[in-house]
Amino acid sequence: MVIGNQHRRSNILVTTGRSPASQTIRARTLQENVLVHEWAQLRWGVFPEYGTDEESKGHFYQAGGKWKPTSCSENIRGRVGFGTDCKASPLCDTNDSTRRIHPGCRFCPDLTQPAARASIMDNQFVDQLDLFCDDTEDAPETRRHNRLATNKQNLYCDHKSVWAVMREHPDFKGVHSEPLPENTDTTPVFTILQEAKSRKVFVLDTSSSMNKSTPRRIVRLHEAGKYIIKSEEEICADSYLGIVWFSSDAKFKKAITKVDSEATRDALVDALPKDPSGGTCIGCGLKLAIDEIEKNFPTSTKHSEIILMSDGEDTSIETITEQTNRAKDLGILIHTVAITSQSSVRLANVSRNTGGKSLFLEIGGNITFVSVLSKALSNSITGGGCKSEEMRSGTLKNSSVLNFNFTIDDGVGLNTTVVIFPSNSKPHFDFEIRGAGNSVHESSSHISETPIMARFSGKLPKGTYFIVVKQILIQL
């Protein structure tokens, strides 16, 4: 079910069926809190109160000679550290106001708040923070609006509190401002307007430029695609997926297929590209994908989606413009992943004109192919009920031994997957995961197939898990 607001071009996706319990790491948010958080934005015109990378000052602001986390209210308890898991770091010294706090520092609120009650527009995943901030004189300190925080609510609403904005809405004026009788039935009634299986086509660049970089871009694309397709948390069971290659022209390597078995997933993986050549005709790939969507879903193409990945400029501007307009008219969303800065502007125009999302993958940066492809899929408006959340991703420097860890908190750890994408896919590897008490959860030797994956069905116990990957040399 999609609840939308055309003026703000936003929607809330409420999934039916399987709940998003199969997350990979981030703490599971209470669904009722999410619904209130999103509905407040769509209905009453308020904004989130957490810091974001989009804001000029990010996740912290200076006050009283210290760096304070962007939050509402100021009474929220937690810890400051580096990264999304807030690891202790000297880079995150909030007492040092002589220099800007590192942009990688974050504030992690405690999941139990003994005093604070607000705000649900800031930390909707904390159970006790279930109220809105207010700025009236009689507002208790635990719900008082933080006017200094560098968040969107202050930026776009002239530093008014969420409640101050909401009280101006007709929903809270006149008779609507009076308390409801105690015996009022407030059980919500939902009408499902549309429910559909996910329908996607991957449109993948196989031009000669995909041979660049080390390892080659095409190798990374193949590895990421293999992981995505094999994962039920990324490509839902009984959804539909097709694969198009394009270079100087385009070809359908796998027609749109219902993903209903492991054999089907294997066939889709076999259709991923390995050897690039030729020029770049993005419009050719889009035309073929749209043709196939029309053929498979003749009664309604609306809400079908194309995931387009490319690293080059289109050699035929007229073709890509024509196919973008065609997708828009048919209600087909195009999400784009630009692999180079040369392709980013044109691909961003494609996604914007069709209502899709545009993403940029910086080669050699800290974001991996699989992360950005997964992010593109997470923007889906259909079939999102099986989507997992990512705990950690990043790029580590070349090394013969790789060590890192992750932590499973309460409420997460169901159907966890660990994936390693070695920078060199030729050598063999030893792979081990240990948990509490040095217990071995996974141990494999002489692995030659990449990516290296370990899947844990059921729920992993709470605790810290340590991963070691060793590169081994094979004597010929």
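Going by the structure above, here's the rest.
Residues numbered from 1 in each chain as written. Predicted model: local features only at pLDDT ≥ 70, side-chain atom pairs only at ≥ 80, totals over all residues. Heavy atoms only, no water.

**Description of the overall build of the protein chain**
Thought 1: Helix and strand content of the protein chain: 9 helices and 18 strands.
Thought 2: Within the protein chain, the fraction of its 476 residues that count as buried is 46%.
Thought 3: Look at the contacts in the protein chain between residues 6 or more apart in sequence, and 68% of them connect residues 24 or more apart.
Thought 4: Total accessible area computed for the protein chain in this model is approximately 24,500 Å², and 49% of it derives from carbon and sulfur atoms. (Helix = DSSP H or I, 4+ residues; strand = E, 2+ residues; numbered from the N terminus. Buried < 20%, exposed > 50% of the residue type's maximum accessible area, 1.4 Å probe, protein only. Contact = heavy atoms within 4.5 Å. Areas by Shrake-Rupley, 256 points an atom, 1.4 Å probe, with all protein chains shown as cover.)

**Things to note about the sheet that holds strand E9 (residues 250-258)**
Thought 1: A sheet is described by the order of its strands in space; here 6 strands give the open sequence E9-E8-E7-E10-E11-E12, paired in mixed fashion. The strands lining the two open edges of the sheet, one partner per strand, are E9 and strand E12 (358-360). The mean inter-strand angle of the sheet, taken between neighbouring strand axes irrespective of direction, is 15 degrees.
Thought 2: Of the strand pairs in this sheet, strand E7 (residues 199-205) and strand E10 (residues 305-310) are connected by 5 bridges, and their pairing is parallel. (Pairing = 2+ DSSP bridges. Axes fitted to C-alpha atoms, helices over the stretch in contact; angles between N-to-C directions.)

**Topic: the sheet that holds strand E16 (residues 440-447)**
Thought 1: A sheet is described by the order of its strands in space; here 4 strands give the open sequence E13-E18-E15-E16, paired in antiparallel fashion. Each edge of the open sheet carries a strand with a single partner, namely strand E13 (401-408) and E16. Each adjacent strand pair in this sheet contributes to an overall mean axis angle of 10 degrees, direction not counted.
Thought 2: In the sheet, E13 pairs with strand E18 (residues 463-472) via 8 bridges, with the strands oriented antiparallel. Bridge pairing links Leu402 to Val469 in E18.

**Here's the deal with the state of the cysteines**
Thought 1: The tally for this structure, following the rule as stated, stands at 4 disulfides.
Thought 2: Between the sulfur atoms of Cys72 and its disulfide partner Cys133 the distance amounts to 2.4 Å. Of note, the bridge from Cys72 to Cys133 carries an S-S torsion of about -135 degrees and is left-handed in sense. Taken together, the residues Cys72 in the loop between strand E4 (66-69) and strand E5 (78-82) and Cys133 in the loop between strand E6 (105-109) and helix H2 (152-156) connect sequence positions 61 residues apart. (Disulfide = S-S within 2.5 Å.)

**Topic: the pairing of E16**
Thought 1: Sheet analysis places strand E15 (residues 428-434) next to E16, joined by 5 bridges and oriented antiparallel. Looking at E16, one finds that Phe429 is bridged to Ile447.
Thought 2: As consecutive antiparallel partners, E15 and E16 are separated by 5 residues, and within that stretch Gly437 has a phi angle of approximately 70 degrees, a positive value.

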